[in-house]
Amino acid sequence: MLDAARLIGNVDMFPVLQHWVFFNHAGVCPLPRIAADQFKRYANQAQMQAYLHSNWYTDIEALRQLSARLIGAHRDEIAFVKNTSEGIAIVANGIDWQWGDVIVTTAIEYPANIYPWMDIARTRGVKLEMVPEETMPDGSRQVPIDAILKAASDPRCRLVALSLVEYASGQRHDVSRIGAFCRERNIRFCIDAIQAVGVMPVDVREMNIDYLSADGHKWMLGPEGAGIFYCRRELIEHMRPLAIGWMNVVNAQDYGNYDFTLRPDAGRFECGSYNVPGLLGLLGALTLIEQVGVEIIHARVQTLLERLHQGVSQKGYAIVSPRDASQRSGIFAFKAHGHSHDVIVKKLKEHHIEIAKREGRLRVSPHFYNTEAQIDQLIELLPSH
Ligand SMILES: Cc1ncc(COP(=O)(O)O)c(C=O)c1O
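Residues take numbers from 1 onward in each chain, read along the sequence in its written order. Whole-chain, interface and lining totals are the exception, using all residues; otherwise, since this is a predicted model, local features are given only for residues with pLDDT of at least 70 and side-chain atom pairs are given and counted only at 80 or more. Side-chain calculation: all heavy atoms of the structure are included, whereas hydrogens and water are not.

Considering the site of the ligand
Then step 1. Any residue with a non-hydrogen atom lying within 4 Å of a molecule or strand is treated as near it. Taken together, 13 residues lie near the ligand, and Thr-84, Ser-85, Asp-192, Gln-195 and Lys-218 sit nearest.
Then step 2. Contact between the ligand and Thr-84: an oxygen atom at 2.6 Å from a side-chain N or O atom of the residue.
Then step 3. Under the convention used here, a 1.4 Å probe and the Shrake-Rupley method define accessible areas, while residue burial counts only the protein chains that appear. In isolation the ligand has 400 Å² of accessible area, and contact with the protein removes 88% of it. Whenever two N or O atoms come within 3.5 Å, that pair is a polar contact, provided that in protein one can donate a hydrogen and the other can accept it, and provided that, for residues adjacent in sequence, both atoms are side-chain atoms.

Now the structure itself:
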C-alpha cells in the first residue's frame, strides 16, 4: 500500500502541482508521473525494438485483472474500450430490442449516455423516458430515486441507463437500490461510471449492475482514449458485439482457419489491436489508485469538499450538489448570485486555479492529492455576496 498522506501535495508524483491548482478531475485529469512514465517506457521500447522483448500483453492482462478488482468484477467480464461512449454503444447496439420496449434514463445525463438511446429509440421503435432533475427543499438539485423507480415500473421497461454520479450536480444515485429493483424485474441496468471509478468504491455485484462503462481520463487518473467496459457474465453470450474484427473470436491467433466462434468472455467485444500506450498509461494510474485505496481516496476528497462547502456557504453561494452523505461524490457544484460565472472562472485561471462551469453551475472536483491550502486559496479568490 502507498501512504496517501505522503502523496498529498507531492510534486514528484503529481507534477501538475508545480503550476496549477487543478480542480477539474471531473473534466480531464492531469497524469501522475507513474502514468506518464509508462508512455515514456512504451515510446522507448517501441522505437528501439518494436514489440521485441516487450511485455505489453502481460501488462494488459494485469490491467484487466486490476480493473476487475477495482469494480468487484471477474477479469472475464472486462473489455477494453476507447471511451465511455463505446461501452454504452456496445449495450445499445447489442440488445435485441423489441418494438415498444422502454428505456429509462434521466434528463440531465451527459450526452454520452443519451444519444445512443435516442438512436435506438429512433431506429428500433423504443420509447425513451427521461426523468427530470428537481429542486429539493434544501435548494440542491437531484433526480429523485422515487421518480426513477416509478418510470422503471412501466411493464415495458427493458433497461435503465444511469450515471453513477451526475456530471453537473455531482448527485450520486443509490444504484444498489435501483439495481436490485431492476434485477427483480429482469430489467437491464447500465451504468456510466466515469464520474465514479477511482474516487469511490464501486462494486458491480453489490450494486446489481449489468453493464458499466468508464474511460480512464477523469478519476482513474489515466489518459484519454483508454477505458473499461464491464458486462455481467450471464449476459455476455446474449450480446451482439458492436464491431467485428479478427480479435472477437476464440482462436484469434489461428489466422487461416476462419473459425468465426465468438469468445464466451468480454473479449468478444474487442475487435482488433489494443491502444497499447493508452492501456499502459492506465495501468500505471490504476496501480497508484489501488495502492492508495479507493476508500481512502473517497474519504480524503470528502474532507476537501467539506472544507470548500463551509467556505462557499460563508461567502453566500447557493449549493447545488446534494449534501447528504449517501449522495456525495467527487463533484461539488454551486452557484453565484449576481456574479458572472465566466468572470469567476477567468479570474481563477489567471491565478492558475482550474475549475469548470457546467449547466449554469461552478463545478469543483479535486482529487486526493490536492491540499487544504489549495482549497483555501480558491475560497479566498471567490467574490463574496
Ligand atoms: C457522465 C459522463 N459520461 C461520459 C463522459 C465522456 O465520455 P467519453 O469517455 O466517451 O468521452 C463524460 C465526460 O465529461 C461524463 O461526464
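Resuming the write-up.
Some details on the environment of Ile-95
Then step 1. What counts as a helix is a DSSP run of H or I of at least four residues, what counts as a strand is a run of E of at least two, and both are numbered from the N terminus. Along the chain, Ile-95 falls in the loop between α4 (84-94) and β3 (102-106).
Then step 2. For each residue, the accessible area found with a 1.4 Å probe, counting protein chains only, is set against the maximum for its type, and the residue is called buried under 20%, exposed over 50%, and partly exposed in between. Residue class for Ile-95 comes out buried when judged on its relative accessible area of 4%.
Then step 3. Separated by 140 residues in sequence, Ile-95 and Leu-235 have C-alpha atoms that sit 9.9 Å apart.
Then step 4. Contact between two residues is taken to exist if any of their heavy atoms lie within 4.5 Å; hydrogens are not considered. Once you skip the residues sitting within four places of it in the chain, Ile-95 turns out to touch Arg-124, Arg-158, Leu-159, Arg-188, Tyr-211 and Met-239.

As for the pairing of strand β15 (residues 361-364)
Then step 1. Burial of the side chains of β15 extends over both faces: Arg-361 and Arg-363 are buried on one face and Leu-362 and Val-364 on the other.
Then step 2. Two elements, strand β12 (residues 332-335) and β15, share three bridges in a ladder whose sense is antiparallel. Looking at β15, one finds that Phe-334 is bridged to Leu-362.
Then step 3. When DSSP finds two or more bridges between two strands, those strands count as paired. In the sheet, strand β14 (residues 356-358) pairs with β15 via three bridges, with the strands oriented antiparallel. Note that in β15 the partner of Lys-357 across the bridge is Leu-362.

Brief notes about the domain arrangement of the protein chain
Then step 1. Structurally, the protein chain comprises domain 1 (4-30 + 293-381) and domain 2 (46-291).
Then step 2. For domain 1 and domain 2, the distance between their C-alpha centroids amounts to 27 Å.
Then step 3. Contacts between domain 1 and domain 2 engage 35 residues on the former and 29 residues on the latter.
Then step 4. Accessible area, probed at 1.4 Å, shrinks when two parts are joined; the buried area is that loss added up over both. Summing the contributions of domain 1 and of domain 2, the shared interface buries around 2,600 Å²; its carbon and sulfur component is 58%. For the domains described, the bounds stem from an automatic or database domain assignment.

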